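These are the residues of each chain, in order.
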Amino acid sequence: MLKQIAATGIKTEAAPQPDEALRAVADRLGAEVLQYFDGALTIRHVDAGSCNGCELEIHMCNNPYYNLEGLGIKFVASPRHADMLLVTGPVSRNMEVALKRTYDATPEPKLVVAIGDCGCTGGIFGESYASCGRVSNVIPVDVTVPGCPPTPLAIMQGILTAISGGKR
Amino acid sequence: MKLEGLNIEVAPIPGAVPGYRAEVDAAQWIDACRQVAEQGGRLVAFWGSDARNEGRGFAAHAALAARDGLIVLSLPVTGTSFPDISSVFPAAGRMQRAAFDLLGISAIGAADHRKWLRHAAWTEHEFPLRKDFDAHHRSQGTGHVDGYPFVRVDGEGVHEIPVGPVHAGIIEPGHFRFSIVGETVLRLEQRLGYKHKGIEKRFEGMTLAEGARLAGRVSGDSTVAYAWAYAMAVESAAGVIPPPRALWLRALLLERERVANHLGDLGYLGNDAALAFGLAQFMCLKEDWLRANQAVFGHRYLMDAIVPGGVARDLAPDAMGGLRYEMDALEATVTSLKSIYDEHAGLQDRFIQCGNVAPALAARLGLTGVAGRASGQASDLRVEHPSIPFRELEVRMATHRNGDVAARVTVRFEEIFESLRLCRLILDRLALGEPVIEVPLPPAGAFGVGWVEGWRGEVFVALETGPEGRIRRCHPHDPSWQNWPLLEHAVIGNIVPDFPLINKSFNLSYSGQDL
């Protein structure tokens, strides 16, 4: 096992820069708040109805190549421990209440990043008897990350944009 | 024509897999199911349709895997009820409940009539898949949170742990109700349907090309399997055969999807048994694999690579050397990781005798796919009813009889090695020629099926066309329908902290069954 670890070496690559184009609304939280998130952000992921493609890429953010946790950003088990919600999918009507409750359970100040084409626009599923469409139709969204699914770098860029708060 | 051991008149369905279709009456419906079951066949899918605006009524359909291939039974429903088949195929239970929620047709004689896909978003008097239901109608619903009568376990010291729909990890939403005593699980009851986003209704009226994109997003982790099954159904309805190069490339994509998912699962199975080393190692391998997908086929998960008529992205000749080199490196690393997993006492202690599904139970309840093969159910479409190119590749099926987490791990390892062998053979023998052909619009009322052994199990698509080559009805079926109920059995008697490990060893799709 040690041999395998040594042979693998360190795979981690450079993190992406924030991209202001991803911002859905002007900073809701001031720079003075955001500076506390930088380097110690906790995220609660909520799948509100995705095809599970976005989940695959969110998982990949934690692989050694991207090493999201190395930036001080980690996923937590409860919204009560979270600073940010990372929401995927068109919001199915069957998940509408659960998503709202998760949002309410997340303490202020909080950020929401919508992941994937479906989270941004409703995507191929759109709005219907069973789908509320985009995430911002149900809860306020700070940053949107398009893609089907977005790459791990794009997801990380979205997260970093949300906490960069115009200080860079 | 007639099939051996089956007393009904069937007509062949053209296409890549041996398929037959029969319109049956209520007595034949039950008899045919019984006969197929007695011969060791299984239920592949059950769905309903509404043809009232064509002067017919509702219909119930069952796709059965029999010795000679796939048999699709269609039963015109008298009024809104049809004879239950869950007494023959227990897996039909949830599918029949879903058919009631969506279409309002009910299985007479079924033991369980609780709602399944319907929560609070629409009422029990509204049926979204009926043709007269407007897809964009936002029902007021029941006006309160989903109420669902879970089965209660009584006894001294018994208590319940409700989990979900929002889970603690990065996973899909669903509700698990554990009844436990101390740490031991007495009963698990699942409540799914949270991700129901109206996929089947969404298909209706789409062009066949639009449908291909949607089919590839029924369950993102199986996008290749769905896209191929859907394309197969379109080609079956249109009566065309894609060029050989397209079929060989599809098989390459399917095996690459299988390897990617198995790598991820093996990593997470190590992690769930507290071996973080395994997760880091396998995730690096998976990342390398996905990057090669991106470089060679233009998408990390190969979405939209398969289209009706062939494949959208051809394989460049100069990319083949790189793929071969990558496979050799992967095989060497997975071989050493397998020996580390095999020899790791702590890991094996968690894997062995955990989450058991005995072969007899698996056979009775219809466990399928990877989990089925780990419980002695020797079924793999690539072996049983191989389409081109699998009939030339002579796929070796991986099976195990122990039915525990360890067996599901072993089957995954073996399937990775077998997929690498197949990928190499495909690269060696890949036919030249066009990768895609034009598919003529099938006439209204054409019917086609697609049936593909995805990484999780058999993915099935039934397709009926309407006017102008648009989709009248499309039913995509995930093997998770069959396997979710077995997970309830697998955890009985295990401790609650082993649930994530057992769950991961099945790794079932929520999106694929919630539709």
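Keep in mind that this is a model prediction, so the values were computed, not measured. (Residues numbered from 1 in each chain as written. Chains lettered and ligands numbered in written order. Predicted model: local features only at pLDDT ≥ 70, side-chain atom pairs only at ≥ 80, totals over all residues.)

Asker: Where do I start with the overall build of chain B in this structure?
Answerer: When its secondary structure is counted, chain B shows 17 helices and 15 strands. Taken over C-alpha atoms, the radius of gyration comes to 22 Å for chain B, in line with the 24 Å a tight globule of 515 residues would show. Considered along the principal axes of its C-alpha atoms, chain B spans approximately 70 × 60 × 45 Å. Evaluated residue by residue, chain B yields a buried proportion of 55% over its 515 residues. (Helix = DSSP H or I, 4+ residues; strand = E, 2+ residues; numbered from the N terminus. Rg over C-alpha atoms; globule rule 2.2 N^0.38 Å. Buried ≥ 20, exposed ≤ 12 C-beta atoms within 10 Å, placed from the backbone.)

Asker: When you look at the overall build of chain A in this model, what are you seeing that I'm missing?
Answerer: Broken down by element type, chain A carries 6 helices and 5 strands. Ordered by position from N to C terminus, the α and β elements of chain A give α-α-β-α-β-β-α-β-α-β-α. Compactness check: chain A gives a C-alpha radius of gyration of 16 Å against a globular reference of 15 Å for 168 residues, within 12% of the reference. Seen through its C-alpha atoms, chain A measures out along the principal axes to roughly 55 × 35 × 30 Å.

Asker: Would you take a moment to explain the interface of chain A and chain B for this structure?
Answerer: For interface size, the figure often reported is the accessible area lost on association. In this complex, chain A contributes 40 residues to the contact, which on the side of chain B involves 44 residues. Every element with two or more residues in the side of chain A that touches chain B is listed here: α1 (2–8), β1 (41–47), α3 (53–61) and α4 (93–105) of chain A. Considering only residue class, the side of chain A that touches chain B consists of 21 nonpolar, 14 polar and 5 charged. (Contact = placed C-beta atoms within 7 Å. Nonpolar A, V, L, I, M, F, W, Y, C, P; charged D, E, K, R; others polar.)

Asker: I keep staring at the nonpolar core and nothing clicks. Help me out?
Answerer: Val113 of chain A together with Leu64 and Ala229 of chain B are the most contacted members of the largest nonpolar core, which has 206 residues in total. Ranked by residues supplied to this core, first place goes to helix α6 (residues 244–272) of chain B with 14 residues. With near-sequence residues (within four places) excluded, Leu64 of chain B lies in contact with Cys33, Val36, Gly41, Leu43, Val44, Ile71 and Leu73 of chain B. (Core = buried A, V, L, I, M, F, W, Y, C linked by C-beta atoms within 7 Å.)

Asker: Just to check I follow, could you spell out the domain arrangement of chain B for this structure?
Answerer: All names here are of chain B. With domains assigned, chain B is organised as domain 1 (11–108) and domain 2 (199–504). Contact with domain 1, which involves 24 residues of that partner, is made by 22 residues of domain 2. Counting only elements with at least two residues in the side of domain 1 that touches domain 2, the list comes to β2 (19–23), β3 (42–50), β4 (58–66), β5 (69–76) and α2 (92–103). A per-element tally of the side of domain 1 that touches domain 2 places β3 first, with 6 residues. Looking at side-chain class alone, the side of domain 1 that touches domain 2 contains 16 nonpolar, 5 polar and 3 charged residues. (Domains from an automatic or database assignment.)

Asker: I keep staring at the pairing of β3 of chain B and nothing clicks. Help me out?
Answerer: Regular strands place side chains that alternate from one sheet face to the opposite one. Residues and elements named next belong to chain B. For β3, the tally of buried residues reaches 9 of 9 residues, placing the bulk of the element in the interior. Bridge count for β3 against β4 is 8 bridges, and the pairing is antiparallel. Its bridge partner being in β4, Ser49 is matched across the sheet by Ala59. (Pairing = 2+ DSSP bridges.)

Asker: I would appreciate a short explanation of the sheet that holds β2 of chain B in the present structure.
Answerer: Think of a sheet as strands paired side by side through backbone hydrogen bonds, with each pair either parallel or antiparallel. Residues and elements named next belong to chain B. One open sheet accounts for 5 strands, arranged β1-β2-β5-β4-β3; its pairing is mixed. Each edge of the sheet is formed by a strand with only one pairing partner; in this case those strands are β1 (11–13) and β3. Strand-to-strand, the axes of this sheet are offset by a mean angle of 25 degrees, without reference to chain direction. Sheet analysis places β4 next to β5, joined by 8 bridges and oriented antiparallel. By the bridge assignment for β5, Ala60 is matched with Leu75. (Axes fitted to C-alpha atoms, helices over the stretch in contact; angles between N-to-C directions.)

Asker: Could you clarify how one ought to interpret the environment of Val36 of chain B in this entry?
Answerer: Residue and element names in this part refer to chain B. Structurally, Val36 can be placed in helix α1 (residues 26–38). A sequence separation of 31 residues divides Val36 from Gly5, and the C-alpha atoms of the two residues are 8.2 Å apart. For Val36, the residues in contact, after removing those within four places along its chain, are Gly41, Leu64, Ala66 and Ile71.

Asker: Explanation requested: the environment of Gly9 of chain A in the structure shown.
Answerer: Residues and elements named next belong to chain A. By the element assignment, Gly9 lies in the loop between α1 and α2 (31–37). For Gly9, a count of 9 C-beta atoms within 10 Å translates into the label exposed. Each C-alpha atom, one on Gly9 and one on Val112, is 35 Å from the other, the two residues being 103 residues apart in sequence.

Asker: How do you make sense of helix α4 (residues 208–215) of chain B when you look at a structure like this?
Answerer: Because the α-helix completes a turn every 3.6 residues, residues three or four places apart line up on one side. For α4 of chain B, the set of buried residues is Leu208, Gly211, Ala212, Leu214 and Ala215 of chain B. Projection of α4 of chain B onto a plane perpendicular to its axis shows the buried side chains occupying an angular sector of 165 degrees, all on one side. (Arc of directions from axis to C-beta.)

Asker: I keep staring at the packing of α6 of chain B against helix α16 (residues 499–506) of chain B and nothing clicks. Help me out?
Answerer: Helix packing for two helices is described by the angle between their axes and how far apart those axes are. Residue and element names in this part refer to chain B. At their nearest, the axes of α6 and α16 sit 9 Å apart, and the two run at 170 degrees to each other. By the angle between their directions, the pair α6 and α16 is classed as roughly antiparallel. Listed contacts from α16 to Asp265, Tyr268, Leu269 and Asp272 of α6 are Pro500, Leu501, Lys504 and Ser505. A per-class count over the contact of α6 with α16 returns 4 nonpolar, 1 polar and 3 charged. (Parallel < 35°, antiparallel > 145°, perpendicular 65-115°, else oblique.)

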